[in-house]
There are 2 protein chains.
Amino acid sequence: MTTAWNEAALGAGRQPGRARRAVVELLGRQSCCLTALEIFERLRAAGSGVGLASVYRTLDQLSRDGFLQKIELGDGTTRYEPTERGGHHHHHVVCETCGKVEPFEDDRLEQALRRVERQTGYAVAGHEVVLRGSCTDCS
Amino acid sequence: MTTAWNEAALGAGRQPGRARRAVVELLGRQSCCLTALEIFERLRAAGSGVGLASVYRTLDQLSRDGFLQKIELGDGTTRYEPTERGGHHHHHVVCETCGKVEPFEDDRLEQALRRVERQTGYAVAGHEVVLRGSCTDCS
DNA sequence: GTGAATGCAAACTCTTTGCATGACT
DNA sequence: AGTCATGCAAAGAGTTTGCATTCAC
């Protein structure tokens, strides 16, 4: 699969090597967030010889170039996911019991956020919402 | 200053010692979030002999007992602040350039969040919103 | 061939844990 | 004395950096 996101993410910056290609290819297929270690392990499991450091370097680069959003869900690790594909972006609900993470999106929430963003006086570039609780299986 | 929050936070669980007293007293005076290291350094600067480990242990305990909210703003460290004092709770805007953190609150945002929380099907216990951008000084 | 990207290992930072000491009952 | 919190130091986990090598053009 070669999407517009994949091509843009590969093209940005300098020449992509094996690691960058592998990470972009994996993330391009992803619908929700992954940790650096998860990405590393999946690539290794798939037979790729990428190093963990290269995964981190690629993630850092793609984040700075705006292709990835960093997400912190409260467990001390950072997750990454492709930014707004198709103009939509989502947020996350985390089950504090089993650790499950699910995405959701809501227009009214986005509207409320935009309103607040204007009021802050900041030039707000992005936002992040995390809901915590118990999923239907755990509660 | 001895507020209801302070008393409750001290009373919960077992007997509070020097460290717990110092941390609760400092956080009780705080309006916005602090990292464990900031708390440790302030207490040390104030002449207290608390250990960093005790600060972490106290923060962990107070969080589990619901007196503190953990907050992750994207720099890899966890911040802590007293939960909903006076029934209000706030969220945070972070300046990605200078690192400044400011609180804000907005009723319409809270309403939108409550709506979404119901839709998820989760028993949502809490939520967190972070806005990122440039503050007026930096943009 | 040149310069950038890569992989490994070491370094770093934040956080947690083990254990002996100290405080309060 | 007995019990629990504390402080220090060591251990862990996640992430970053240094450096020699490999890869792409």
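Structure: above.
Bear in mind the structure is a predicted one, so any value in this text is a computation, not a measurement. (Residues numbered from 1 in each chain as written. Chains lettered and ligands numbered in written order. Predicted model: local features only at pLDDT ≥ 70, side-chain atom pairs only at ≥ 80, totals over all residues. Heavy atoms only, no water.)

J.: Run through the sheet that holds strand E4 (residues 91-95) of chain B, naming residues and quoting values.
T.: Either a parallel or an antiparallel arrangement is found when strands of a sheet pair, and the pairing is made through backbone hydrogen bonds. Spatially, the six strands line up as an open sheet ordered E5(A)-E4(A)-E6(A)-E6(B)-E4(B)-E5(B), and their pairing is mixed. Here the strands that pair on one side only, and so sit at the sheet edges, are strand E5 (101-104) of chain A together with strand E5 (101-104) of chain B. Each strand of the sheet is rotated relative to its neighbour by a mean of 25 degrees, with strand direction disregarded. (Pairing = 2+ DSSP bridges. Helix = DSSP H or I, 4+ residues; strand = E, 2+ residues; numbered from the N terminus. Axes fitted to C-alpha atoms, helices over the stretch in contact; angles between N-to-C directions.)

J.: Talk me through the sheet that holds strand E1 (residues 34-35) of chain A; I want residue IDs and the actual numbers.
T.: Residue and element names in this part refer to chain A. With antiparallel pairing, three strands are arranged side by side in an open sheet as E1-E3-E2. Looking at which strands have only one partner, the edges of the open sheet turn out to be E1 and strand E2 (68-72). Of the strand pairs in this sheet, E2 and strand E3 (residues 78-82) are connected by five bridges, and their pairing is antiparallel. The residue of E3 that forms the bridge with Gln 69 is Glu 81.

J.: Talk me through the relation of the copies chain B and chain A; I want residue IDs and the actual numbers.
T.: Turning chain B through 180 degrees and shifting it by 0.0 Å along the axis lays it on chain A, with an RMSD of 0.1 Å. With respect to symmetry, the two chain copies, as superposed, fit the operation of a two-fold axis. Measuring from the rotation axis to each C-alpha of chain B, the shortest distance belongs to Val129(B), at 2.3 Å. Interface overlap between copies is the fraction of interface residues in one copy that are interface residues in the other; for chain B against chain A it reaches 100%, indicating a shared surface. (Least-squares fit on C-alpha atoms with pLDDT ≥ 70 in both. Contact = heavy atoms within 4.5 Å.)

J.: Describe the interface of chain B and chain A, and please don't skip the residues or the numbers.
T.: With 38 residues of chain B in contact, the opposing surface of chain A contributes 38 residues. Summed over both partners, the interface of chain B with chain A comes to about 3,000 Å²; 56% of that surface belongs to carbon and sulfur atoms. Looking only at chain B, the three residues that lose the most surface to chain A are Glu72(B), Tyr122(B) and Arg132(B), adding up to 23% of its buried area. Close ionic contact of Arg132(B) with Glu128(A) constitutes a salt bridge, the shortest N to O distance being 2.8 Å. For the pair chain B and chain A, the number of links is twelve residue pairs in polar contact (both at pLDDT 80 or more). Ranked by residues supplied to the side of chain B that touches chain A, first place goes to strand E6 (residues 123-134) of chain B with twelve residues. Each residue belonging to the side of chain B that touches chain A can be placed in one class, and the counts come to 16 nonpolar, eleven polar and eleven charged. (Buried area = accessible area lost by both parts, 1.4 Å probe. Salt bridge = Lys/Arg side-chain N within 4 Å of Asp/Glu carboxyl O. Polar contact = N/O pair within 3.5 Å; in protein donor to acceptor, adjacent residues only side chain to side chain. Nonpolar A, V, L, I, M, F, W, Y, C, P; charged D, E, K, R; others polar.)

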